[in-house]
Amino acid sequence: SDACKVLDAPPLEELNAWDVAFYTDLIKREKLALDDEQLKEFFPLEDTIEGLLAIYSDLLGLHFVLNSSLPTWHEDVVAYEVKKGEELVGHLYLDQFTRDGK
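Residues numbered from 1 in each chain as written. Predicted model: local features only at pLDDT ≥ 70, side-chain atom pairs only at ≥ 80, totals over all residues. Heavy atoms only, no water.

## Structural notes on the packing of aromatic side chains
The relation between two aromatic rings is expressed through the spacing of the ring centres and the mutual angle of the planes. Considering all chains together, one arrives at 2 aromatic pairs under this definition. Judged by centre distance (5.1 Å) and plane angle (85°), the ring pair of Phe22 and Tyr23 falls under edge-to-face. Residue Phe22 is classed as partly exposed on the basis of its relative accessible area of 47%. Residue Tyr23 is classed as buried on the basis of its relative accessible area of 17%. Summarising the aromatic geometry, the rings of Trp73 and Tyr93 are spaced 5.4 Å apart at their centres and angled 40° between planes, so their arrangement reads as tilted. Of this pair, Trp73 sits in the loop between strand S1 (63-66) and strand S2 (78-84) while Tyr93 sits in strand S3 (residues 87-94); the two residues are 20 residues apart in sequence, bridging distant segments of the chain. (Phe/Tyr/Trp six-rings, centres within 6.5 Å; stacked < 30°, edge-to-face > 60°. Buried < 20%, exposed > 50% of the residue type's maximum accessible area, 1.4 Å probe, protein only. Helix = DSSP H or I, 4+ residues; strand = E, 2+ residues; numbered from the N terminus.)

Below you can see the structure in the form of C-alpha cells.
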C-alpha cells in the first residue's frame, strides 16, 4: 500500500478499516512531523466547535442551542438543538472522545 511505501515498511497483504487511522497517524508523525497532541494546543476543542458551528450558522442559516437535557448515550456526548429561526429542525450530537467500545 501507499502507506507502506511512505514508511519504508513491508507491504500489507490486506488493509482493514481499523488499520486506516493507525497508518494515517503513523504517516503524519513519521513523515510529515505532525503530532495530533501538539496540534490540539492551537485548536482548543471548545473554540473549534464554536467556530465550526458559527460557519454552519452563516452558511446554512441555522443556529445551534446547547441542550444538556437531551438524552445522550454517554456523559461526554454534547447535544444541541438545531434551529432555523424559531423552528426546531433537528439535533446535533457531538461524541468527541475516544473510549473503550466506541
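## Comments concerning helix H4 (residues 45-60)
When the terminal C-alpha atoms of H4 are compared, their 22 Å separation across 16 residues agrees well with the 22 Å that a helix rising 1.5 Å per residue should span. Two residues or fewer past H4, Gly61 is found with a positive phi of approximately 70°. (Expected span 1.5 Å × (residues − 1).)

Any functional reading would require information beyond the geometric quantities listed.
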